[in-house]
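So you can see what is in the structure, the chains are spelled out below.
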Amino acid sequence: MVICSLWVEYKLFGINGDVFPSGLCSGQEVRLAEQYQLRVQIVKYLAVVGALAGTVIWGYGDLLWQLKT
């Protein structure tokens, strides 16, 4: 789970400049940015939550399993 979340973050770095442009932008770049900014933000937050959840499960999964039984 942690590895998948890190892979998502790595892939998001590649499109970050396109979705969050800095400087002068054309109309098409602005439309692209407006269309995908919210989606990219949601995926970023989900990747962080996934990494945190994976770390907790990785570190304390055996204790959680003992509580279940």
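Our subject is the structure that appears above.
About the thresholds
Residues numbered from 1 in each chain as written. Predicted model: local features only at pLDDT ≥ 70, side-chain atom pairs only at ≥ 80, totals over all residues. Heavy atoms only, no water. Helix = DSSP H or I, 4+ residues; strand = E, 2+ residues; numbered from the N terminus. Contact = heavy atoms within 4.5 Å. Areas by Shrake-Rupley, 256 points an atom, 1.4 Å probe, with all protein chains shown as cover. Lys, Arg positive; Asp, Glu negative; His and termini not counted. Charge placed at Lys NZ, Arg CZ, Asp CG, Glu CD. Expected span 1.5 Å × (residues − 1). Bend = angle between axes of the 7 residues up to and from the residue. Buried < 20%, exposed > 50% of the residue type's maximum accessible area, 1.4 Å probe, protein only. Patch = residues over 30% accessible without salt bridge, like charges linked within 9 Å, V, L, I, M, F, W, Y side chains within 5 Å. Salt bridge = Lys/Arg side-chain N within 4 Å of Asp/Glu carboxyl O.

A. Spotlight on the overall build of the protein. When you go through the protein residue by residue, the secondary structure sums to 2 helices and 0 strands. At a minimum sequence separation of 6, the contacts of the protein that also span at least 24 residues come to 68%. Carbon and sulfur atoms form 67% of the exposed surface of the protein, whose accessible area is close to 5800 Å². Each charge class in the protein can be summarised by its mean position, and for the 5 positive and 5 negative side chains these summaries are 7 Å apart.

B. Spotlight on helix α1 (residues 2-19). Along its 18 residues, α1 runs 24 Å from first to last C-alpha, staying within 8% of the 26 Å computed at 1.5 Å per residue. Helix geometry: α1 is bent most strongly at F13, by close to 40°. All of the buried residues in α1 are V2, S5, E9, L12 and V19.

C. Representation of the environment of Q41 in the model. Topologically, Q41 is positioned in helix α2 (residues 27-68). Judged by its relative accessible area of 27%, Q41 is partly exposed. With 26 residues separating them in the primary sequence, Q41 and L67 have C-alpha atoms 35 Å apart.

D. Quick peek at the environment of V56. One can find V56 in helix α2. Here the alpha-carbon distance between V56 and V2, two residues 54 residues apart in the chain, equals 9.9 Å.

E. Summary view of a nonpolar patch on the surface. A cluster of nonpolar side chains, V56, Y60, L63, L64 and L67, forms an exposed patch at the surface whose accessible area comes to about 530 Å². Within the fold, L67 resides in helix α2. A residue is classified by how much of its surface remains accessible, and L67, at 70% relative accessible area, is exposed.

F. Structural context of the environment of A53. With respect to the secondary-structure elements, A53 resides in helix α2. Distance in space between the C-alpha atoms of A53 and L63 is 14 Å, their sequence separation being 10 residues.

G. Structural view of the side chain of S5. Among the structural elements, S5 can be located in helix α1. Beyond its immediate stretch of four places on either side in the chain, S5 contacts A47, G50 and A51.

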